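So you can see what is in the structure, the chains are spelled out below.
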Amino acid sequence: MAMIDIKDLKKSFGSNHVLNGVNLSVNRGDIVAIIGSSGSGKSTLVRCIAGLEKPDTGQILLNGEEYLDDGKGVGKIGMVFQNFNLFPHYTARENITKPLTIVKKMEASAADEIAEKLLRKVKLENAANQYPATLSGGQKQRLAIARSLAMEPEIIVFDEPTSSLDPSLAHEVFQTIKELAAEGQTMLIVTHQINAIKNFATRVVFLNDGIIEVDGTCGEVFENPTNENLKDFLQMVEFDDL
Amino acid sequence: MVGALRSHKLPKIISFILGFYVEFFRCTPLIVQLFFVYYGMPTIGVKIDPVFASIVTMGLNSGAYMSENVRGSILSVDKGQYEAAKLLGFNSFQVNRYIVLPQAIRVAIPAFMNGFSTMIKETSMASVLPVIELTKLGNQIYAKTYHPFEIYISLGVLYFVMTYSMTFVARKLERKATKWQ
């Protein structure tokens with residue numbers, strides 16, 4: 001059974017039809033990169049999966065069950081945002097421990113232990129007592145990943161995690177994502193940075209005008225694209241990379 | 001509390017009542033409100049002690065302004081904070097208590113302290129009612145002694161000390177609330 005099963009998902013904002021019938025299955029351990037030009041519906045799709053947008057029609061199942069309306073998905077889907085959305089009034093450590101002590105009612109010492117472990121994992125052990133305002137963009141995003149991991153989500157969705165970062169900071173973040181991929185974490189990554197995901201995405205989905213036009217392996221999508229819209233998109237991305 | 005409530009989606013009737021309270025007290029002069037409560041209410045059978053009338057009217061007047069400060073500061077918290085908290089499993093109460101309010105307080109402190117300073121100064125308006133407060137006391141002393149310069153400068157100093165001490169407290173609170181910036 002697929003971990004995430006999306007069936008005929010539609011979503012509009014007024015007269016703007018953003019998702020026009022998306023069908024997608026994500027299996028445990030998959031690392032699915034979602035690519036497509038701006039306005040193609042990538043962010044709306046992941047926001048629907050995370051429960052931040054309510055689809056107009058269609059179904060999203062997590063392990064075969066509906067989860068969006070009854071709170072069953074709480075904590076099971078982690079999300080890493082483009083603009084981090086760290087809690088600015090908590091230190092790096094507290095950004096990880098607060099959800100554990102407040103939501104999971106965990107003992108402070110146990111939460112601290114998890115925070116230490118995760119901060120080490122994202123190489124932020126020396127910044128544990130710093131506030132987000134004092135961290136670099138890359139550090140902020142790695143902290144956001146650590147915070148998400150603390151809740152032990154079944155899947156993490158990344159909404160353009162590196163688009164507000166310069167290339168060196170983006171590299172740091174992708175290194176962390178790669179390490180998670182090696183550990184078997186299921187992930188959905190919306191990104192424009194094709195070169196960064198080529199090495200580790202198990203599948204690539206190309207979204208155009210709210211429909212999945214191509215769904216294949218990196219080789220199928222990047223080496224031998226047959227879809228005309230995808231070819232145009234890849235040319236544009238290559239041009240942007242220059 | 002009114003400001004916090006008004007920053008959320010409410011049933012229409014509650015929203016109307018709270019909105020009416022805020023707009024009524026913001027859009028009419030304090031002196032009219034004082035006269036209405038003290039002189040107007042007894043005509044419909046509600047007789048109020050002048051000190052109590054002053055406290056209630058000024059409390060409601062100041063509350064109307066401050067509720068707008070609270071509302072504005074809550075609305076200033078980025079939508080992404082709510083989204084991140086929701087995804088981490090925080091419920092509505094927890095989001096407000098642990099995520100939104102600590103950030104909103106930082107924004108609200110300067111306006112809040114400004115409101116307190118204004119309220120201290122506006123207590124002098126109670127002198128239009130039969131209430132012995134600082135300004136009226138000054139007037140009474142003046143009527144007996146005919147020393148306006150000394151009396152009114154003393155009054156000014158007293159108001160200044162009270163108001164300035166609020167500014168001092170505000171700076172301390174601001175520093176505390178913005179240590180994470």
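Each chain carries its own residue numbering, running from 1 in the direction its sequence is written. Written order decides the labels, with chains lettered from A and ligands numbered from 1. Per-residue local features of the predicted model are confined to residues with pLDDT of at least 70, and side-chain atom pairs are confined, for both listing and counting, to 80 or more; whole-chain, interface and lining totals are unaffected and use all residues. Side-chain numbers here rest on the full set of heavy atoms in the structure, without hydrogens or water.

Chemist: Is there a simple way to think about the overall build of chain A in this case?
Modeler: Check the secondary structure of chain A and you find 8 helices and 10 strands. Each radius of gyration is computed over the set of C-alpha atoms, and the globule rule expresses the reference value as 2.2 Å times the number of residues to the power 0.38. In terms of C-alpha radius of gyration, chain A reaches 18 Å, essentially the compact-globule figure of 18 Å for 242 residues. In terms of its C-alpha atoms, chain A occupies a principal-axis envelope of roughly 55 × 45 × 35 Å. We call two residues in contact when some of their heavy atoms are within 4.5 Å. Taking the intrachain contacts of chain A between residues at least 6 apart in sequence as the baseline, contacts between residues at least 24 apart amount to 68%. We count Lys and Arg on the positive side and Asp and Glu on the negative side, and we leave His and both chain ends out. The atom standing in for a charge is NZ when the residue is Lys, CZ when it is Arg, CG when it is Asp and CD when it is Glu. Between the mean site of the 24 positive side-chain charges and the mean site of the 33 negative ones, chain A shows a separation of 5 Å. The secondary structure listing takes helices from DSSP runs of H or I that are at least 4 residues long and strands from runs of E that are at least 2 residues long, numbered from the N terminus.

Chemist: When you look at the pattern of salt bridges in this model, what are you seeing that I'm missing?
Modeler: Oppositely charged side chains are able to pair whenever their charged atoms sit close together. Any carboxyl oxygen of Asp or Glu that lies within 4 Å of a side-chain nitrogen of Lys or Arg is treated as forming a salt bridge with it. Scanning the model with the defined rule gives 13 salt bridges over all chains in all. In this structure, the salt-bridge partner of E179 of chain A is K123 of chain A, at a minimum N-O distance of 3.4 Å. On the criterion of sequence distance, the pair formed by E179 of chain A in helix α5 (residues 167-182) and K123 of chain A in the loop between α3 (108-121) and α4 (137-150) is long-range, its members being 56 residues apart. Exposure is judged per residue with a 1.4 Å probe applied to protein chains only, and the accessible area is read against the type maximum: over 50% gives exposed, under 20% gives buried, and values in between give partly exposed. We classify E179 of chain A as partly exposed; its relative accessible area is 31%. Among the charged side chains, a salt-bridge network with shared partners connects R47 and E53 of chain A together with K79 and E83 of chain B.

Chemist: Got a minute to help me understand the sheet that holds strand β10 (residues 211-216) of chain A in this structure?
Modeler: Pairing between the strands of a sheet is mediated by backbone hydrogen bonds and can be parallel or antiparallel. Residues and elements named next belong to chain A. Two strands pair if DSSP finds at least two bridges between them. As summarised here, the arrangement of the 6 strands in space is β6-β7-β8-β3-β9-β10, forming an open sheet in which the pairing is mixed. Among the strands making up the open sheet, the edge pair consists of β6 (77-80) and β10. Across the sheet, the mean angle separating the axes of adjacent strands is 20° when strand polarity is ignored. As paired strands, strand β9 (residues 203-208) and β10 are joined by 5 bridges and run antiparallel to one another. Residue pairing in the sheet places L207 in a bridge with I212 of β10. Angular values range over 0 to 180 degrees, each being the angle between N-to-C directions of two axes fitted as lines to C-alpha atoms, with helices fitted over their stretch in contact. Strands β6 and β7 (155-159) of the sheet are contacted by α4, whose axis makes an angle of about 175° with β6.

Chemist: Where do I start with helix α4 (residues 50-75) of chain B in this structure?
Modeler: Spacing of three or four residues puts side chains on the same side of an α-helix, whose turn is 3.6 residues. The terminal C-alpha atoms of α4 of chain B lie 37 Å apart, and with 26 residues this matches the ideal 38 Å at 1.5 Å per residue to within 8%. Of the residues flanking the start of α4 of chain B, the one acting as N-cap is D49 of chain B, its side-chain oxygen 3.1 Å from the backbone nitrogen of V51 of chain B. The span one expects for a helix is its residue count, reduced by one, times 1.5 Å. Polar contact criterion, stated in full: a pair of N or O atoms within 3.5 Å, where within protein one must be able to donate a hydrogen and the other to accept it, and residues adjacent in sequence count only if both atoms are side-chain atoms.

Chemist: Looking at this structure, I do not really get the packing of helix α2 (residues 92-103) of chain A against α4 of chain A. What am I missing?
Modeler: A pair of packed helices is characterised by two quantities: the angle between their axes and the separation of those axes. All names here are of chain A. Direction vectors running N to C along α2 and α4 enclose 20°, while the axes themselves pass 9 Å from each other. Relative to α4, the element α2 lies roughly parallel. The two elements α2 and α4 meet at a crossing, and its hand is right-handed. Contacts between α2 and α4 pair A92, N95, I96 and L100 from the former with L143, A146, R147 and A150 from the latter. Here is the rule for angles: anything less than 35 degrees is roughly parallel, anything more than 145 is roughly antiparallel, 65 through 115 is roughly perpendicular, and the remaining ranges are oblique. By the definition used in this description, the sense in which the near helix is turned from the far one sets the handedness, with an anticlockwise turn below a right angle giving left-handed and a clockwise turn giving right-handed.

Chemist: For this particular structure, what's the right way to read the nonpolar core?
Modeler: One recurring pattern in soluble globular proteins is that nonpolar side chains are buried together. To qualify as a nonpolar core, a set must consist of buried Ala, Val, Leu, Ile, Met, Phe, Trp, Tyr and Cys residues joined through side-chain atoms within 4.5 Å. In this structure, I4 and I35 of chain A are the most contacted members of the largest nonpolar core, which totals 96 residues. Broken down by element, this core gets its largest block of residues, 7 residues, from α5 of chain A. Contact partners of I35 of chain A, with chain neighbours within four places excluded, come to K42, T191, I194, I197, V204, V205, F206, L207, V221, F222, L230 and F233 of chain A. Counting residues in each nonpolar core, the second largest holds 11 residues, with L34, Y38, A126 and L129 of chain B among its members.

Chemist: Is there a simple way to explain the confidence of the model for chain A in this structure?
Modeler: Interpretation of the predicted coordinates at a detailed level should be avoided for regions scoring low in pLDDT. Per-residue confidence from the prediction method is given by pLDDT, with values spanning 0 to 100. Of all residues in chain A, 96% have pLDDT values of 70 or greater, and the mean over the chain is 90. Predicted confidence in chain A is weakest over helix α8 (residues 228-241) of chain A, with a mean pLDDT of 79, and strongest over α2 of chain A, with 96.

Chemist: Mind showing me how you'd approach the packing of aromatic side chains here?
Modeler: Aromatic ring pairs: the centre-centre distance and the angle between the two ring planes describe each pair. Aromatic rings from Phe, Tyr and Trp, taking only the six-membered ring of Trp, are treated as a pair when their centres fall within 6.5 Å; an angle between ring planes under 30 degrees marks them as stacked, one over 60 as edge-to-face, and anything in between as tilted. Scanning all chains against the criterion turns up 14 aromatic pairs over all chains. Ring geometry for F87 of chain A against Y90 of chain A: centres 6.4 Å apart, planes inclined by 85°, an arrangement best described as edge-to-face. Grouping residues by exposure puts F87 of chain A and Y90 of chain A together as buried. Between F35 of chain B and Y39 of chain B the ring centres are 5.7 Å apart and the planes differ by 40°, which places this aromatic pair in the tilted class. Pair noted here: F35 of chain B and Y39 of chain B are both in helix α3 (residues 30-40), with a separation of 4 residues, about one helical turn. According to the relative accessible area criterion, F35 of chain B is partly exposed, its value standing at 34%. When its relative accessible area of 45% is taken as the criterion, Y39 of chain B is described as partly exposed. Of note, R147 of chain A hangs over the ring of F87 of chain A, and the distance from its end group to the ring centre comes to 4.6 Å. Note that R97 of chain B overlies the ring of Y98 of chain B, its terminal NZ or CZ placed 4.6 Å from the centroid. Over a ring means this: the NZ of a Lys or the CZ of an Arg is within 6 Å of the ring centre and within 35 degrees of the ring normal.

Chemist: Just to check I follow, could you spell out the side chain of R93 of chain A for this structure?
Modeler: Residues and elements named next belong to chain A. Mapped onto the fold, R93 is located in helix α2. For R93, a relative accessible area of 18% corresponds to the buried category. Those residues in contact with R93, other than ones at most four positions away along the chain, are D112, A115, E116, L119, A128 and N129.

Chemist: In this structure, what is going on with the sheet that holds strand β2 (residues 16-26) of chain A? I would like to understand it.
Modeler: All names here are of chain A. The strand order β2-β1-β4-β5 describes an open sheet built from 4 strands, whose pairing is antiparallel. At either end of the open sheet lies a strand with only one pairing partner, and these are β2 and β5 (65-66). Bridging between strand β4 (residues 57-62) and β5 involves 2 bridges; their strand directions are antiparallel. Directly across from L61, in β5, lies its bridge partner E66.

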